[in-house]
Amino acid sequence: MATPPESPVEEHAYELEPNRPPKPIPVALEELCRQTKFSKQEIRVMYRGFKTECPEGVVHEESFKDIYAKFFPHGNSALYAHYVFKAFDVNCSGAISFRELLVTLSTLLRGSVYERLRWAFRLYDVDGDGAITRQELSEVVVAVHELLGRRAPPGSPASRIDDAKAAEQVDRVFRKLDLNQDGVITIEEFLESCLKDDVITRSLQMFDTGL
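Because the structure is predicted, anything quoted here is derived from the model rather than measured.

### Regarding the overall build of the protein
Okay, step 1: Each helix and strand in the protein was counted, giving 11 helices and 4 strands.
Okay, step 2: Split into buried and exposed, the 211 residues of the protein put 45% on the buried side.
Okay, step 3: Contacts spanning at least 24 positions in sequence make up 59% of the contacts within the protein whose residues lie at least 6 apart.
Okay, step 4: Accessible surface, the protein: about 11300 Å² in total, of which carbon and sulfur atoms supply 55%.

Structure (structure tokens):
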């Protein structure tokens, strides 16, 4: 039986082979409970599904895009899925392990507003340098519009209108988030602005497109 990295494999094996002699619960499961807000049973259930869908023990970007495409069949989800994949891939290994998936889902589903905003900042900080530029914000906003099917075919008259609306949205949000107007948004500016302005949070659509 292949052993996926960073996964409570032995716990999973007990369920598939109930006749095996009982063994102590692996440390990995205990660690995942400490690192997330999920119970042992919830982790077991999620791991069972993860192992079924990802027998290699990791999720590669193409598979991740396929999952998003199923959730958003009326739009082009590939670009947005790419940015979300990068945000999930904490170790920048090119693949998402069960641990990385679980920790991120715990943040998005059960984390505080502060924790969710920190993750959202990571999503918009495309190059991971600790600051969001106007170009990065624009790229993700366009990706969201494509995901939701709000973007007309490139080159059409309607697409120029869509581009103008997206640019206007980016300018409006960027001005509010860039508190010192130095051309970049730091994590401190991002948190301060979003925590005191619900309009910005809704405009960014940070969680409306989550899995």
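And the narrative resumes.
### Considering the side chain of Glu136
Okay, step 1: As for its placement among the helices and strands, Glu136 is situated in helix H8 (residues 134-147).
Okay, step 2: There is no salt bridge for the buried Glu136, and the closest opposite charge comes from Lys86, which lies 7.4 Å off by N-O distance.
Okay, step 3: Apart from residues lying up to four places away in sequence, Glu136 is in contact with Tyr124, Asp125, Val126, Asp127 and Ala131.

### Overview of H8
Okay, step 1: Given a rise of 1.5 Å per residue, 14 residues ought to cover 20 Å, and the 20 Å separating the end C-alpha atoms of H8 matches this to within 8%.
Okay, step 2: The buried fraction of H8 amounts to 10 of the 14 residues, a majority that puts the element mostly inside the structure.
Okay, step 3: For H8, the full list of buried residues reads Glu136, Leu137, Val140, Val141, Val142, Ala143, Val144, His145, Glu146 and Leu147.
Okay, step 4: Downstream of H8 by a residue or two, Gly149 has a phi angle that is positive, lying close to 75°.

### Side note on the packing of helix H5 (residues 78-88) against H8
Okay, step 1: Packing of H5 against H8 leaves a shortest axis separation of 7 Å and a crossing angle of 130°. Considering the angle they form, H5 stands oblique to H8. H5 and H8 meet at a crossing whose hand is left-handed. Residues Leu79, Tyr80 and Tyr83 of H5 pack against Glu139, Val140, Ala143, Val144, Glu146 and Leu147 of H8.
Okay, step 2: Along the lines of polarity and charge, the residues of the contact of H5 with H8 split into 7 nonpolar, no polar and 2 charged.

### Observations regarding the environment of Leu29
Okay, step 1: Residue position: Leu29 is located in helix H2 (residues 27-35).
Okay, step 2: Taking the relative accessible area as the measure of exposure, Leu29 reaches 0% and is therefore buried.
Okay, step 3: For the pair formed by Leu29 and Arg99, sequence separation is 70 residues and the distance between their alpha carbons is 10.0 Å.

### A word on the layout of surface pockets
Okay, step 1: Of the pockets and cavities examined, the largest pocket occupies roughly 560 Å³.
Okay, step 2: As for the largest pocket, its lining consists of 21 residues, of which Glu53, Cys54, Val59, Ile67 and Leu101 are closest to the centre.
Okay, step 3: Residue assignment for the lining of the largest pocket shows that the elements contributing at least two residues are helix H3 (40-53), strand E1 (58-60), helix H4 (61-71) and helix H6 (98-110).
Okay, step 4: Of all the elements, H4 adds the most residues to the lining of the largest pocket, at 6 residues.
Okay, step 5: The residue makeup of the lining of the largest pocket, split by class, is 14 nonpolar, 3 polar and 4 charged.

### Description of the pattern of salt bridges
Okay, step 1: Here the structure, examined in full by the defined rule, presents 8 salt bridges.
Okay, step 2: One salt bridge connects Arg110 with Glu42, and the closest N-O pair in it is separated by 2.8 Å. One end of the pair, Arg110, is in helix H6; the other, Glu42, is in helix H3, with 68 residues separating them in the sequence.
Okay, step 3: Residue Glu42 is classed as partly exposed on the basis of its relative accessible area, which comes to 28%.
Okay, step 4: The partner of Asp171 in a salt bridge is Arg134, with the nearest N and O atoms 2.7 Å apart. In this pair, Asp171 sits in helix H9 (residues 157-177) while Arg134 sits in helix H8, placing the two residues 37 residues apart along the sequence.

### A word on the environment of Glu188
Okay, step 1: Locating Glu188 in the fold gives a position in helix H10 (residues 187-196).
Okay, step 2: Taking the C-alpha atoms as reference points, Glu188 and Ala131, 57 residues apart in sequence, are found 9.7 Å from one another.

About the cut-offs
Residues numbered from 1 in each chain as written. Predicted model: local features only at pLDDT ≥ 70, side-chain atom pairs only at ≥ 80, totals over all residues. Heavy atoms only, no water. Helix = DSSP H or I, 4+ residues; strand = E, 2+ residues; numbered from the N terminus. Buried < 20%, exposed > 50% of the residue type's maximum accessible area, 1.4 Å probe, protein only. Contact = heavy atoms within 4.5 Å. Areas by Shrake-Rupley, 256 points an atom, 1.4 Å probe, with all protein chains shown as cover. Lys, Arg positive; Asp, Glu negative; His and termini not counted. Salt bridge = Lys/Arg side-chain N within 4 Å of Asp/Glu carboxyl O. Expected span 1.5 Å × (residues − 1). Axes fitted to C-alpha atoms, helices over the stretch in contact; angles between N-to-C directions. Parallel < 35°, antiparallel > 145°, perpendicular 65-115°, else oblique. Left-handed = near helix turned anticlockwise from the far one by under 90°. Nonpolar A, V, L, I, M, F, W, Y, C, P; charged D, E, K, R; others polar. 1 Å grid on protein atoms, 1.4 Å probe; cavity = no way out; pocket = protein on both sides within 12 Å on 5 of 7 lines; lining within 4 Å. Points joined across faces, edges and corners; volume = space filled by probe spheres on them.

Shape descriptors only; they carry no functional weight alone.
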